[in-house]
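In case you want the letters, here they are:
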Amino acid sequence: GEIISSKRNVCMMNPLSQELDVMRQSFIFNTLEVIEHNQNRQNPDLKLFEFGKTYHKFDTGFTENKQLMVAITGRFEKEQWNSKNELVSYYTIKGIVSALFKRLGLDSFLTESALKNSVLQDGVQLTILKQKVGEIGWITPDYKKHFGIKNDVFIADLDWDTILTCLNYAKIKY
């Protein structure tokens, strides 16, 4: 995939304001704003998801795509006298994604490769039969600094439309 680029912006004809004149290419910036907002109100332990459409402009025309983004940050469990106070990690988000693909019956088709050209730092790109279905990684220090986020943020950005087309390969057992 390509990194988010202003060349790919889908602009609105009659925007409500200048800040709302472009349709989103990714959920990532909105997610980081939500994390920053919560962190600034003493709520740093978050497990979030967003499901919806993203929009891109290419030479061949416009595309809209259903995406699922999962973001986790902070402690694994709420702080209590008997909790371990353990922080979420890359393996926490990877476990969530693995469970999702297993539930869909696609886990045996899933392959991982090094993440390239991403707003995420490190992590893996997920493919099913040479089709990119998503990426898992964490937010770069630059983005953390820009949004004033203290904890590591782990992200799974999944291409839901492509995942649905891959369901043709799977036999789901009830």
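Cut-offs used in this document
Residues numbered from 1 in each chain as written. Predicted model: local features only at pLDDT ≥ 70, side-chain atom pairs only at ≥ 80, totals over all residues. Heavy atoms only, no water. Pairing = 2+ DSSP bridges. Helix = DSSP H or I, 4+ residues; strand = E, 2+ residues; numbered from the N terminus. Expected span 1.5 Å × (residues − 1). Buried < 20%, exposed > 50% of the residue type's maximum accessible area, 1.4 Å probe, protein only. Arc of directions from axis to C-beta. Salt bridge = Lys/Arg side-chain N within 4 Å of Asp/Glu carboxyl O. Core = buried A, V, L, I, M, F, W, Y, C linked by side-chain atoms within 4.5 Å. Contact = heavy atoms within 4.5 Å.

Student: I would appreciate a short explanation of the pairing of strand 5 (residues 110-114) in the present structure.
Tutor: Two faces make up the sheet, and in a regular strand the side chains alternate between them. Bridge analysis of strand 5 against strand 6 (residues 120-128) gives five bridges, and the strand direction is antiparallel. Residue pairing in the sheet places Leu110 in a bridge with Ile128 of strand 6. Counted between consecutive antiparallel strands, the loop separating strand 5 from strand 6 contains five residues, among which Asn117 sits at a positive phi close to 50°.

Student: Where do I start with helix 1 (residues 28-39) in this structure?
Tutor: Note: α-helices contain 3.6 residues per turn, so residues at a spacing of three or four share the same orientation. Its twelve residues place the ends of helix 1 16 Å apart at the C-alpha level, agreeing with the 16 Å of an ideal helix rising 1.5 Å per residue. Among the residues of helix 1, Ile28, Thr31, Leu32, Ile35, Asn38 and Gln39 are the ones counted as buried. One side of helix 1 carries all its buried residues, which in axial view fall inside an arc of 125°.

Student: Can you walk me through the pattern of salt bridges in this structure?
Tutor: It is possible for side chains bearing opposite charge to pair when their charged atoms get close. What the rule picks out here adds up to six salt bridges. Between Glu64 and Lys53 there is a salt bridge, and its shortest N-O distance comes to 2.7 Å. Here Glu64 is found in strand 4 (residues 61-73), whereas its partner Lys53 is found in strand 3 (residues 46-58), with eleven residues between them in sequence. Judged by its relative accessible area of 45%, Glu64 is partly exposed. A relative accessible area of 32% means that Lys53 is categorised as partly exposed. For the salt bridge of Asp161 with Lys66, the shortest nitrogen-to-oxygen distance reads 4.0 Å.

Student: Before we go on, may I ask you to explain the nonpolar core in this structure?
Tutor: It is characteristic of soluble globular proteins that their nonpolar side chains tend to be buried jointly. Core analysis: the biggest nonpolar cluster contains 22 residues, and Ile93, Phe101, Leu106, Leu126, Ile136 and Ile163 have the highest contact counts within it. Elements that contribute at least two residues to this core include exactly strand 4, helix 2 (90-103), strand 6, strand 7 (131-139), strand 8 (153-159) and helix 4 (160-166). Sorting elements by how many residues they give to this core places helix 2 first, with four residues. With residues up to four places along the chain from it excluded, the contact list for Ile163 reads Phe101, Leu104, Leu106, Val133 and Leu158. Counting residues in each nonpolar core, the second largest holds 15 residues, with Phe27, Ile149, Val153 and Ile155 among its members.

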